[in-house]
Amino acid sequence: MDEMVYSGLGLLTDIKDTDRYVMSQILCEAADRMHICRIYPGMRANHLSALIDKGVLYFFLELYEKGTGNMKEGPYSLKPLLIQGHKRNCRFFCTSQQEAVVDFSGYSTSRRMWREGAVPMGSLTTESAVALYFAASLVCDSLEELDEILENAGQR
């Protein structure tokens with residue numbers, strides 16, 4: 001469905017705006033724009049690149065420890081995915097598989113991911129980051145505002 005369901009000053013400005021159908025449509029559109037992926041050795045990043053062509057804009061990547069991923073040249077590198085995604089206005093929010101605080105300052109590969117636009121989500125688990133994404137999708141007036149809320153949450 002390519003039609004915009006709601007436009008106006010804000011999504012929840014009136015009790016009528018909490019219509020079940022409207023909120024359902026907004027959440028379905030948000031789900032269509034996102035993907036959650038656990039990053040592991042041997043995973044080919046081109047599988048994720050295909051999702052960009054399908055309209056996925058938000059990627060939640062579960063990385064190792066404090067946020068490390070393969071940025072070397074080769075078929076298992078995340079670098080081409082991040083570059084392609086950045087060109088298509090995709091966002092990459094990074095959490096930890098071990099539920100550690102994701103901090104991109106500790107590893108050189110993490111700093112390279114950050115340079116290519118990946119956003120560390122700090123102490124948020126993948127589930128918390130995705131829940132925040134869906135909640136923000138309901139109340140934000142634009143994708144830019146949604147991006148700002150997610151990026152700010154990762155800095156806390």
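Reading the values: rules and limits
Residues numbered from 1 in each chain as written. Predicted model: local features only at pLDDT ≥ 70, side-chain atom pairs only at ≥ 80, totals over all residues. Heavy atoms only, no water. Phe/Tyr/Trp six-rings, centres within 6.5 Å; stacked < 30°, edge-to-face > 60°. Helix = DSSP H or I, 4+ residues; strand = E, 2+ residues; numbered from the N terminus. Buried < 20%, exposed > 50% of the residue type's maximum accessible area, 1.4 Å probe, protein only. Pairing = 2+ DSSP bridges. Right-handed = clockwise from strand over helix to strand, strands pointing away. Polar contact = N/O pair within 3.5 Å; in protein donor to acceptor, adjacent residues only side chain to side chain. Contact = heavy atoms within 4.5 Å. pLDDT = per-residue confidence, 0-100. Salt bridge = Lys/Arg side-chain N within 4 Å of Asp/Glu carboxyl O. 1 Å grid on protein atoms, 1.4 Å probe; cavity = no way out; pocket = protein on both sides within 12 Å on 5 of 7 lines; lining within 4 Å. Points joined across faces, edges and corners; volume = space filled by probe spheres on them. Nonpolar A, V, L, I, M, F, W, Y, C, P; charged D, E, K, R; others polar.

1. Considering the packing of aromatic side chains
According to the stated counting rule, one finds seven aromatic pairs in the structure shown. Judged by centre distance (5.0 Å) and plane angle (15 degrees), the rings of F59 and F92 are stacked. A residue pair is termed long-range when its members are at least 10 positions apart, and F59 in strand β2 (residues 58–63) and F92 in strand β3 (residues 91–96) qualify at 33 residues. The same class applies to F59 as to F92, namely buried. Plain terms: the ring middles of Y133 and F134 are 5.3 Å apart, the flat faces sit at 65 degrees to each other, and that makes the pair edge-to-face. Here Y133 falls in the buried class, since its relative accessible area comes to 0%.

2. Some points on the pairing of β2
Counting buried positions along β2 gives six out of six residues, so the element sits mostly inside the fold. Taking every second residue as pointing to the same face, both faces of β2 are buried, with Y58, F60 and E62 on one and F59, L61 and L63 on the other. Relative to β2, strand β1 (residues 34–38) runs parallel, the two sharing five bridges. Note on β2: the bridge partner recorded for M34 is Y58. Crossover handedness for the path β1 to helix α2 (residues 46–53) to β2: right-handed. Relative to β3, β2 runs parallel, the two sharing six bridges. Along β3, the bridge assignment pairs F60 with F93.

3. As for the side chain of S49
Within the secondary structure, S49 sits in helix α2. At a separation of 3.2 Å, a polar atom in the side chain of S49 contacts the side chain of Q84. Leave out the neighbours within four places in its chain, and S49 touches L81 and Q84.

4. Focus on the confidence of the model for the protein chain
Looking at the protein chain as a whole, its pLDDT mean stands at 84, while 88% of the residues score no less than 70. Low confidence marks residues 1–10, where pLDDT is under 50. Its contacts with residues over four positions away, or in another chain, come to twelve contacts.

5. Quick notes on the pattern of salt bridges
Applying the stated criterion across every chain yields a total of five salt bridges. In this structure, R88 and D53 form a salt bridge, with 2.9 Å as the shortest nitrogen-oxygen distance. Residue R88 is located in the loop between α3 (79–87) and β3, and its partner D53 is located in helix α2; the two are separated by 35 residues in the primary sequence. The partly exposed category is assigned to R88, whose relative accessible area is 39%. K79 is paired through a salt bridge with E73; the nearest N and O atoms lie 3.9 Å apart. Residue class for K79 comes out partly exposed when judged on its relative accessible area of 28%. In the salt-bridge network here, residues are joined through shared partners; they are R91, D147 and E151.

6. Quick notes on the layout of surface pockets
Approximately 160 Å³ is the volume attributed to the second largest pocket. Y40, P41, G69, N70 and Y76 are, among the 14 residues lining the second largest pocket, the residues nearest its centre. Its residues assigned to classes, the lining of the second largest pocket shows nine nonpolar, four polar and one charged.

7. Observations regarding the side chain of T126
In this fold, T126 is placed in helix α5 (residues 126–139). Residue T126 is classed as buried on the basis of its relative accessible area, which comes to 5%. If we ignore the near neighbours within four places in the chain, the residues touching T126 are I36, E62 and T95.

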